[in-house]
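# Reading the structure
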Amino acid sequence: MNKAFVKESDADDDDAEGAALAAAIPAGAKNYITPAGYKAIKDELLHLIDVERPEVVKVVHWAASNGDRSENGDYIYGKRRLREIDRRIRFLTKRMDSAFVVDPSVHHGNDQVFFGATVTYLNKAGEEHTVTIVGVDELDPLKGKISWVSPVARALTKAREGDLITLHTPLGVDELEILSVEYPEPQDR
């Protein structure tokens, strides 16, 4: 088969990842991230570079030495996996380069909501929610981690314990009462 029909473009995926980065972070804003989030990205990057990529390179090298590469599944899928790993390495490197690490522990003891705060609030329906405001690379809604650019986080930011704030949602206006604001304790360095 002609290579023109099977060549995959890495540029398309890089453009898509770059667009996702631009869409997630408001224009002119920094890519805020907690120290734990930065460490997680760095650990994943080092694992890809030091462990996964060398293993796949060995498989591809072995498969290439077997001869005919056109019907060699180990070679074909190994090369595809290498492209995926390299794409992810480029993406993580760009994220680390654009990251602005913010230590939320500097606000320990403060009752005002800033980046990194864990906030417990009560909505108009009487439901209690606890969320932690983190960077766009760290968000995990199932664990209560929301991005600092999310509507809820933006509504909560700069409010204090006991404040009643208004949140505009697609379903209408909701009133949120902030019950508590917590920050991690500072670590001795």
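Just above sits the structure.
Notes on the structure follow. Note that the structure is a prediction, hence the values are computed from the model and not measured. (Residues numbered from 1 in each chain as written. Predicted model: local features only at pLDDT ≥ 70, side-chain atom pairs only at ≥ 80, totals over all residues. Heavy atoms only, no water.)

Here we take up the overall build of the protein chain. Looking only at helices and strands, the protein chain has 5 helices and 7 strands in total. Seen in sequence order, the protein chain has helices and strands lined up from the N terminus as α-α-β-α-α-β-β-β-β-α-β-β. Burial statistics for the protein chain: of 189 residues in total, 32% are counted as buried. Within the protein chain, contacts between residues at least 6 apart in sequence are counted, and of these 59% link residues at least 24 apart. Split by element, the accessible area of the protein chain, about 11,900 Å² in all, is 54% carbon and sulfur. (Helix = DSSP H or I, 4+ residues; strand = E, 2+ residues; numbered from the N terminus. Buried < 20%, exposed > 50% of the residue type's maximum accessible area, 1.4 Å probe, protein only. Contact = heavy atoms within 4.5 Å. Areas by Shrake-Rupley, 256 points an atom, 1.4 Å probe, with all protein chains shown as cover.)

Bringing the nonpolar core into the picture now. Counting 22 residues, the largest nonpolar core has V113, V119, I133, L156 and I178 as the members making the most contacts within it. Of all the secondary structure elements, the ones that give two or more residues to this core are strand 3 (118-122), strand 4 (128-134), helix 5 (151-156), strand 6 (164-169) and strand 7 (172-182). Sequence-distant contacts of V113, that is, excluding residues within four places in its chain, are made with V119, I133, L156, T157, K158, A159, I178, V181 and Y183. Counting residues in hydrophobic clusters, the runner-up holds 16 residues, among them L48, V56, Y75 and F91. (Core = buried A, V, L, I, M, F, W, Y, C linked by side-chain atoms within 4.5 Å.)

Looking now at the sheet that holds strand 7. Taken together, the 5 strands give an open sheet; going across it, the order is 5-4-3-7-6, and neighbouring strands pair in mixed fashion. Lying at the two open borders of the sheet, with one neighbouring strand each, are strand 5 (145-147) and strand 6. Geometrically, the sheet is characterised by an average inter-axis angle of 45 degrees between neighbouring strands, direction not taken into account. Inspection of the sheet shows strand 3 paired to strand 7 by 5 bridges, in the antiparallel sense. Note on strand 7: the bridge partner recorded for T120 is S180. (Pairing = 2+ DSSP bridges. Axes fitted to C-alpha atoms, helices over the stretch in contact; angles between N-to-C directions.)

Below, the discussion takes up the pairing of strand 7. Examined bridge by bridge, strand 6 and strand 7 share 6 bridges and lie antiparallel to one another. Bridging across to strand 7, T166 finds its partner in E175. Connecting strand 6 to the antiparallel partner strand 7 that follows it, the hairpin turn spans 2 residues.

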